[in-house]
Structures are given as C-alpha cells and as structure tokens.
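Chain by chain, the residues run as shown.
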Amino acid sequence: MKWQYGLLLGILFFFNCYQNIDQVDLTINFSGKAQIEVGGPFVGTEFHHSYQVPQRISFFYPVANSIDISTDYWFRDTTLAMEIGLKIGDNDRENIGWTPTAFNLTPFNVKFNQENCQVSYQFCKNKPAMVISITLNNTGDKTEIFELDTRLINSLRTCHTFRWIHQTQTEYNPENGTAITRYNDDEVKNIIVFVSNAAEKPVLHEPDSNATTFLYRKELLPDEQLRIVQIVGSSYADEVSGTVDYLVKNYQEEIDQYEKYIVKKATEEYSFCTTDPVFDHSVYWAKAMLASLDHYIDGDFVPMPCPAEYNFYFTHDVLVTDLAAVNFDLPRVKRDLEFILDHATEDFIIPHAYYWKDGDYRTEYADSNNWNHFWFIQLAASYLRHSGDEDLLEQCYPYLNKSLEYALHSKEDDGLLYAYYLDGWDIGHNFGPRAFMTIMAIKGIRDYVYISAALNQNLDCLPDLEQLAEQMEKALVDKLWNDNLGFLINYYENGEIDPHYYAGSLLAAHFRLLDDEKRMRLIGTAGEKLVDPKIGTYCVYPPDFHLLGDFLKFKGNEVGPPYHYANGGVWNHCNAWYSLGLMATNKRNEAAKFIRKNMTLDGIINSPNGQPAMYEYRSSDYNDPKVYGKIDKPNFLWAAGWYLYSLYHLYGIEENTWNISMKPFLPEDQETCEFDLALNGKKHRISLSGHGDYLQSVRNNGDECTSVVFVKNNDNSNYQFSCGLPEYPYLESTESIVLSCDYDRWNQHLDMKLKAFPGHRNYINIISPLKPTSVRFDNQVVEDYELETIDDIYRIRLNVIHDQAESELRVSFINNHKKG
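Predicted model, so just to flag it, every value in this text is computed and none were measured. (Residues numbered from 1 in each chain as written. Predicted model: local features only at pLDDT ≥ 70, side-chain atom pairs only at ≥ 80, totals over all residues. Heavy atoms only, no water.)

### Description of the environment of Tyr361
With respect to the helices and strands, Tyr361 occurs in strand β27 (residues 360-365). In this structure Tyr361 comes out as buried when scored by relative accessible area, which is 15%. Residues Tyr361 and Asn656, spaced 295 residues apart in sequence, show a C-alpha to C-alpha distance of 38 Å. (Helix = DSSP H or I, 4+ residues; strand = E, 2+ residues; numbered from the N terminus. Buried < 20%, exposed > 50% of the residue type's maximum accessible area, 1.4 Å probe, protein only.)

### Things to note about helix α11 (residues 516-529)
Taking 1.5 Å as the rise per residue, α11 with 14 residues should run 20 Å; its terminal C-alpha atoms sit 20 Å apart, in good agreement. When we look at burial in α11, the residues that qualify are Arg519, Leu522, Ile523, Thr525 and Ala526. The buried residues of α11 occupy one face: seen down the axis, they fall within an arc of 155°. Along α11, exposed side chains directed more than 90 degrees from the buried face belong to Asp516, Glu517 and Glu528. As for α11, its buried residues are in contact with β30 (481-482), β31 (487-488), β34 (501-502), α10 (507-510), β35 (531-532) and α13 (572-584). (Expected span 1.5 Å × (residues − 1). Arc of directions from axis to C-beta. Contact = heavy atoms within 4.5 Å.)

### Topic: the pattern of salt bridges
Inspection of the entire model under this criterion finds 38 salt bridges. Residue Glu269 pairs with Lys265 through a salt bridge whose shortest N-O separation is 3.1 Å. Taking the relative accessible area as the measure of exposure, Glu269 reaches 31% and is therefore partly exposed. Between Glu788 and Arg797 there is a salt bridge; the shortest N-O distance is 3.2 Å. Overall, Glu788 belongs to the partly exposed group, its relative accessible area being 28%. Via salt bridges that share partners, Glu46, Arg76, Glu309, Glu616, Asp632 and Lys633 belong to a single interconnected network. (Salt bridge = Lys/Arg side-chain N within 4 Å of Asp/Glu carboxyl O.)

### Some words on the nonpolar core
Judged by nonpolar contacts, the single largest core of 269 residues is most densely connected at Tyr121, Trp375, Phe675 and Ile766. If one sorts the elements of this core by residue count, helix α8 (residues 435-455) sits on top with 15 residues. Formed by 14 residues, the second largest nonpolar core is a distinct cluster that contains Cys124, Ile192, Val244 and Leu247. (Core = buried A, V, L, I, M, F, W, Y, C linked by side-chain atoms within 4.5 Å.)

### Digging into the sheet that holds β27
Overall, antiparallel pairing links the three strands, which are arranged β25-β26-β27 in an open sheet. Strands with a single pairing partner mark the edges of an open sheet, and in this sheet they are β25 (313-314) and β27. Relative to β27, strand β26 (residues 351-357) runs antiparallel, the two sharing six bridges. Bridge pairing in β27 links Ala353 to Glu364. (Pairing = 2+ DSSP bridges.)

### Here we look at the pairing of strand β17 (residues 178-182)
Within β17, four of the five residues are buried, which leaves the element mostly enclosed by the surrounding structure. Two strands pair when backbone bridges link them, and strand β16 (residues 169-173) and β17 are joined in this way by five bridges, in the antiparallel orientation. Paired with Asn173 across the strands is Thr178, a residue of β17. Linking β16 to β17, which pair antiparallel, is a turn of four residues; within it Gly177 sits at a positive phi near 65°. Bridge count between β17 and strand β18 (residues 192-197): five bridges; the pairing is antiparallel. Bridging across to β18, Ala179 finds its partner in Val195.

### Quick look at the side chain of Glu144
With respect to the element layout, Glu144 can be found in strand β13 (residues 144-153). When sequence neighbours within four positions are dropped, the list of residues in contact with Glu144 reads Ile88, Gly89, Asn138, Lys218, Glu219 and Leu220.

### With respect to the sheet that holds strand β46 (residues 703-704)
Taken in spatial order, the six strands line up as β22-β43-β44-β47-β45-β46 in an open sheet, and their pairing is mixed. Strands with a single pairing partner mark the edges of an open sheet, and in this sheet they are β22 (272-273) and β46. As judged from the five bridges shared by strand β44 (residues 682-689) and strand β47 (residues 718-723), these two strands associate in the parallel manner. Within the sheet, the bridge partner assigned to Ser689 lies in β47 and is Ser722.

### Considerations on the side chain of Ser133
Note that Ser133 resides in strand β12 (residues 129-137). Those residues in contact with Ser133 that sit more than four places away from it in its chain are Gln118, Val119, Ser120, Arg227, Ile228 and Val229.

### Describing the confidence of the model for the protein
In the predicted model, the protein carries a mean pLDDT of 94, and 96% of its residues have values of at least 70. Counting interchain partners and residues more than four positions distant, the pLDDT-below-50 stretch residues 5-16 has 21 contacts. Long-range and interchain partners of residues 18-22, a stretch whose pLDDT sits below 50, account for 15 contacts in this model, where long-range means more than four residues apart. (pLDDT = per-residue confidence, 0-100.)

### Let's talk about the packing of aromatic side chains
For the structure shown, the criterion picks out 58 aromatic pairs. Between Tyr172 and Phe214, the ring centres sit 6.0 Å apart and the planes meet at 55°, which makes this aromatic pair tilted. Taken together, the residues Tyr172 in strand β16 and Phe214 in strand β20 (residues 211-220) connect sequence positions 42 residues apart. Residue classification places Tyr172 among the partly exposed positions, given a relative accessible area of 28%. Geometrically, the ring pair formed by Phe348 and Tyr399 is edge-to-face, given 5.0 Å between the ring centres and 85° between the ring planes. Taken together, the residues span a long stretch of sequence, with Phe348 in the loop between α5 (330-342) and β26 and Tyr399 in helix α7 (residues 390-407) at a distance of 51 residues. With relative accessibility at 14%, the residue Tyr399 sits in the buried group. These aromatic residues form a ring-pair network of at least three members: Tyr73, Trp74, Trp425, Tyr565, Trp571, Tyr617, Phe636 and Trp638. Cation over ring: Lys287 sits above Phe328, and NZ or CZ is 4.6 Å from the ring centre. Geometry around Tyr450 places Arg385 over its ring, the cationic atom sitting 5.2 Å from the centre. (Phe/Tyr/Trp six-rings, centres within 6.5 Å; stacked < 30°, edge-to-face > 60°. Lys NZ or Arg CZ within 6 Å of the ring centre and 35° of its normal.)

In structure tokens form, the structure reads like this:
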C-alpha cells in the first residue's frame, strides 16, 4: 500500500468531526514517486520523483527569487538545488538526494524516511527562513563513523525573467556555524542568503564559488543518532545577524507557531463534517493549503498559486479561490479585495498580476479581454451576499463600474463577447466569439445589477443592464449552441467553427443559462468528450493545439504536447465545473461520486500515477502508462478552492444572483451532515438530515422557518434542514433579496418582503402541502401564476415585476383551521 492517513484521524472522523487541535493529524504517508511542494510565508520548496532534496527553493523575502538550475521548464525535474551525501564507515559515499524515498506529507511540511537517514523541511511563521532537519541513525550492530555533506547551490534566479545572479562574496562564522552569501545586484535587492547550523556543527565548511558546502562527521554507537539542523533563509544585510541569532535559539518555536496556525485555520474556525472521512480529510487538507499559500510580497502577505513554482501574485487565482472562502473566511476575502483596490490604477483598472522584476515591483493590469473583471464582480457580489459588508462594497463600486464597462468593450453587435485568446485561457491569438467569456459577461452583468440594487446605486441603469444580460443569454444559445454537437462552441476569426470542446462552456450549466434539455445535453456531451473515466476532465478536446501553432499563434511550446497542460491536460477547475454541471442537472449522486474519485486526496492517490495532491493539472495521455495521470504542481491554491466550492454546493449551498439558499442533499450512504457557513457576516451552523427533493421542516434555533432562502440580517446561528414531505409552505427560491418571510399558521398566509429595483423581473418558487387560494404582489392580485402538483405537493411559480425597490408578497392557502 503506497499511502495511509494518520490512523488517529480516520478513527476520529468516524465518531466526531469536531475535534480539538491536538487530535487532528493531517499527515499522509506515501511511498510512491511524487512531485511535492511545501512552504511557508517566506520560503517554499519543490521536489520531484520523491527525491529528498528540492529541485527548487523559492525565497519571497525581501524580494522574490529562487535557487533553481534548470534550463527547460518541461524538464526541470532533472536538476536539484542542493545535494546531500552520506558515507557510513568504509562504504562509498552515496548521493542520497537522487534516491526516491517514502515520505510523510502535510500541506506545510514534509519528512523523508530512509533507514539510516530522515530529512524534514519545515518553515518559520515570522522570520524569513526554512528549517532542514537531518537525523542519522546507526541501525547496525557495531560502532560506525557517519559522514554527511550538504551542498546548497549559490546562484540565484530572478523572479519573472529567471536571469542568473551569481554570488558576490561568501563568509563563514565558525562560532555559530553560519555561512552567508552576498549578492550585490539591484535586481535581487542586494540580499543575503544564509545557512546556519543550530544543532551539530560542521567539521568543515568548504569555500566554493558555486555552493555552500558543509561536512559533518561523528562516531555513532548502535542505535545512536546524529542530528543536523540547517536554517536556510534570505534577508537584507543589516538584518542577517539579528535574524540568525534569533532563529538559532527559537527556530522550533517559529515552526510550532506556523504549524499550529495552519492546523487551527484548517480545523477550528469553520467546520465541515460530512461523516465521510474521505471528503472530510480533504476539507481539512484544502483549508490547510489555503492557509499555507499566503506569501510575502512588498510588505503584504497575499495568496499565491503554490509554495515554490510561482513566486508572484495572480489576481485570478485569488478571486476564484475566494469564491470558496466566502463561505468560511470573510476576513481573508476582505483583505484580498482591499489588496486588489490598492494595486489598481487611478482610473480603477484592477491588476492582473503583481511581481518583482528587474529591480522593481511591477503590475500588469487587466485589459478588456481579461476574465479577471468578471471574476472580480462575481467575488464582490458573493462577498456582499455572505457578509452584508456594504462599506467595503461602496469602496469597490468604482472599480466594479470600470471592470464591467471595460470588459464589455469586447462585446460585438451580435451580443457575444469576442476575444483573441482561446476560450478560458490567456494564450493564442485568433479573434472570434467566445462562449466562456460570454457566459462570464452575463453572470458579471447580473451580479453587478445585484450589487447596485443592494447599495441603491445607479438604479436608473439597472433595467437596461438586466435586459442586456437577457439579450446576451439569448445570443449565447442562438449563435453558439450547436445542436449537432450538443455543446456551446466558438468560432475562429475566419468564420469557421472552432471544433474544440472547451471546459469553460460547462459554466453555462452551473449558472443556469441553458434550459433543462440543453443543460442535460451539454453535460452529457462533456461526459463523452471531455471526461477521462479514471482521472477527470480535460480542459479541451481534441488535444491537437501542437498542430495549430501558426494558425492560433501560440508562443513556443506554451500549450504543451498532446494531453499535457493546456493541450488536453486534466485540470482541477475543469473537474469542479463538470461536477457543478452534474449538480445543475439533478445528478447529485453522480456528482458526489465524481468529486470523491477525482478531487479528493483518496481518489487522486488511488488513480493512475496517483499521489497526495490537489493539483494544477495532470497528464491525460492514456497511451503512455508512465505519464498517464502524472501530476504537476501538487499543492495548488485554486485546486483547494474549487474542491471546497464544489463540496459546499454538493451539500446544498445555492447562490443565485440575489441571495443564498439551501437545496439540501446527502449522498446515498449518508444520513447527516453539519457545516459552518458565513451569513450576514457571522458564523452559522447548518445541519442536514434525511433524503428527498423537499424539506419536511426548516428550523432556525429551534423555531419554525418558512424560507430556504437565507433572510438578510437574520443573526440566528443554527439551522436544521430535514428532508421529507413538507409540513407547511416555504419559499424555495426568488431572484431578489429576502428581507423577511413569515408563515401565519392560523390564517394560512405566507408573507414576505423582497428587495430588488423598479422594473426587475422576479421569478419566485414556493413549495406547499396546501393548495394556494390567492396570490397578491404589492397588493395586486396575481392571476397568471403556474401551479404544478406532484404527489400532493404544490409548486407555485410566480413571474412578477417590481414596481418599487421593496415589495410585499402574500400567498394564501386553504385554511384547514377555519374550515374545521
């Protein structure tokens, strides 16, 4: 067996999800070959093939740079940033860095385990360093001399341009066993890299222009150990002495602070307990990833894609990850939105990326073809729905205005968004209508309308914007739906159909932009064309971009070979979008099985070339067993985000444009689920029980509740949703803000107050065991509502237009009390 959870974790999950911090063990033990990335706020490491020395070490402080001697991205696994050699007695020296080794892994540390040698990598909370601990064990039956040498490459690579920076000067202090390497170059801000020995001191430090080299030697009795601790970090010259002195004394406290902080963020603040240990362990792992992938940049700590491979800030990665985090970490989302505002232009254009380059911090801004504008609007709307934080949204509003206006420059007269990039990517150059961008625009317009109505801003413009979204939704279907293919497609600049199936089209199902029949066909086609039955969802099919380089104007090999990277690789966000599409077609049990198989740690480990990972992408080349399923960037920020987003939606969270509601679901083998959810800026406990399409009852702190749409400014903290045949009428959905919803059992009235804007069309669904007798909206009788009856349960469908911002709805039912 290649892997196992910490035994304690599995046992505890079965009995109780809500453990204290000392009872949670995130560790996975794995003995197969794997790519590994772990890190902390200031330093990150990348390993390949389960080698116990890193291929890359990334420093984030004082500025971003790395130790990485690779010369080809696609073959970076063939070089190492350091070496470790071990010699025991008269045996030859063994370069143990190139030996695949079993390891214990969490998202924030790793420990490699050989018989005579254990090597661990841990990270500091407040100081710019990592800690490499090496323990040598004499497992033999006689006394032996153990010699171990380490060699850390001295040359740096700059962030972004990847230019070589060679050391200027090296120094060594034998009293504290610290070697420092100076780099007198403005492009790395004249930093110092230090290696300090906090346990066994080296018997030799060899000056070398290419590497910092230490030799350790000790005679060990049987069962005796030798422990070496190297503290590796980077700093300004005037800080290095104080930093090293502090860390030599306090490195273990720094490690403990960091690791306890991560575990607390993962397990204590907001809980999610499905009673399925596979799902739940992956929840903890994903939240630990989100907490650990916060890195230093220019005085701030912000989310970055992975521990080592990318040491710069991408707005997209933050936005899509925070679409999950709004459910459980509002302070994080607020911080991230404020960072975007702080790094926008004076005329409110948001950043696309922020990084250190050529001696200065640089910002790339989102152009009009950039999907970040729509993700930004989506996140701001979701944050407002979960937090009620109108003050921050008032600050965001000029930037939201600009993003919508700027991005709609790409809309042509046919109502579709056009782009040069491939659909959903930032590569290629061939202008044409794009399904993904049009989908994102429709969603973005509607979210902007919601935000404006909630803030009472630009109310006169909202009817026209709502009509524009409806026109674009019609154009999406009329012009990009291909009935022969059963899919939303794109066109090339020359007017020909782009024959590729892109995963971005799947969001049309999640956002409910297609009717029931087309949603079913879209997801069915995706299952046939885009889904590999063993590893998940391709980003595109067929994988032939390598043949279209001149036509689509790719740069070099940026798309990758067939079934790799953007050329048909399996990406985690594509898995999420497919699972959300299954949910949108009422195939929730299928979605649960798909998520379990393709997005949890258990499922990923037990797949072809599987390993512990929530990854960026994996190879889908089923013709080559050596690479089929192979994972790249295994600790990837938005993979964790999309897993959590998918799980919240699987168990019932629904966010339409105007509100948050529950459509509770439990997989076939589960009877209960409990999780915490951020609503109105506070934590609420959600409890689910039973199975079925309807709710028998909803209780809020024990009191009867008549809406599965969460009411604005309701501070009660506990909701219990019990599936079954309904006992009383309840509001199932509405495209408005719900200010109140109350049911008068004696008079059999369901009354609600709803907020939108004058001219807004509102679709409302109500479920009831009683037949309605009358419907009044703003005191006007509604005659033309739809009434659907299934098994003596009524679904009342209303289509009403608001004449004012706040409206009242009353639905009256047959009064059994008075009739009796």
